[in-house]
Amino acid sequence: MRKAILVTRPRYDDATEYLFCYAKKAIDFAKEKNIEVLDLIRSRLTQKNFSDLISKKDPLLVFFNAHGDENTIYGDKIKGEEEALIKEDKNHNLLNKRIVYARACLSSASLGQKACKDGCFIGYRMPFSFWVDNRWSAKPLNDNTAKLFLEPSNLIIISLLKGNSAKEAHEKSLKMASRNILELLKNKDEPGAMASIMLLWNNMQYQEILGNEDMAFDVL
């Protein structure tokens, strides 16, 4: 298994646009550390290309940015339809023995339970949600509202790339989200503050780690 990271970055709606941009920050960090990056974007973001890269490159770390449900993690839209990259009981075994972070709704509710065999899976048992400021939709990284939600989630993959264990990465993410909640509470009368607090809290409650929590990116 190679010390490489495979990143999926669909880009076809507002949510995936934001995830696309935030995932690029993790990619840049990995490249600074001379870590091999397998960056799957349109038009290469298909189930076949994903499977081929897993088989040929055998990356230790997989980072999904996608829509999802209890049984599926999707890639990009192919001919107007979302294409499944990973589907439970079909090809979830591709993720076994790896460290996986799935920034996708409901990814750990069922799929993650099976995909963590001899590995580790960090995901969400309910929807992962975030607010945005539409004034910054063309420049997601300048959106301070979205930053409250996406920086804590980004910290998972950044921590893993630093060699932290999956458990440490998971816990650091939760701590950052908690700090963001405390900052929002200082200005709870500001418009949108309480709504952001509730959504951050939900993401924290839904985020979970499955499998071998001691796995780290530098284990091999």
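Look up a bit, the structure's there.
Computed from a prediction, not measured in an experiment: that's the story for all the values here. Each chain carries its own residue numbering, running from 1 in the direction its sequence is written. Where totals are concerned, whole chains, interfaces and linings use all residues; where local detail is concerned, this predicted model gives features only for residues with pLDDT of at least 70, and gives and counts side-chain atom pairs only at 80 or more. Calculated side-chain values reflect all of the structure's heavy atoms, with hydrogen atoms and water omitted.

Draft legend 1. Structural detail: the pairing of strand 2 (residues 36-41). The pairing criterion for strands is at least two bridges between them, as found by DSSP. The helix count covers DSSP runs of H or I at least four residues long, the strand count covers runs of E at least two residues long, and both are numbered beginning at the N terminus. Inspection of the sheet shows strand 1 (residues 2-9) paired to strand 2 by six bridges, in the parallel sense. Each residue of the ladder has a partner; that of Leu-6, found in strand 2, is Leu-38. Following the backbone out of strand 1, through helix 1 (residues 14-32) and into the adjacent parallel strand 2, one traces a crossover that is right-handed. Looking down the strands as they point away from you, a crossover is right-handed if its path from the first strand over the helix to the second goes clockwise.

Draft legend 2. Summary view of the pairing of strand 6 (residues 99-103). When accessible area is computed with a 1.4 Å probe and restricted to protein chains, residues below 20% of their type maximum are described as buried, those above 50% as exposed, and intermediate ones as partly exposed. Summarising burial for strand 6: five of the five residues are buried, a large majority. Of the two faces of strand 6, the one lined by Ile-99, Tyr-101 and Arg-103 and the one lined by Val-100 and Ala-102 are each fully buried. In terms of strand pairing, strand 3 (residues 59-65) meets strand 6 through five bridges, oriented parallel. Residue Phe-63 lies in a different strand from strand 6, and its bridge partner there is Tyr-101. Taken together, the three bridges between strand 6 and strand 7 (residues 120-124) define a ladder with parallel strand orientation. From the neighbouring strand, Val-100 faces strand 7, where its bridge partner is Phe-121.

Draft legend 3. Seen up close, the pattern of salt bridges. Counted as salt bridges are all cases of a side-chain nitrogen of Lys or Arg within 4 Å of a carboxyl oxygen of Asp or Glu. All chains considered together, the criterion is met by 14 salt bridges. The salt bridge partner of Lys-114 is Asp-89, with a shortest N-O separation of 2.7 Å. Of this pair, Lys-114 sits in helix 3 (residues 111-115) while Asp-89 sits in the loop between strand 5 (81-87) and strand 6; the two residues are 25 residues apart in sequence, bridging distant segments of the chain. For Lys-114, a relative accessible area of 34% translates into the label partly exposed. We classify Asp-89 as exposed; its relative accessible area is 56%.

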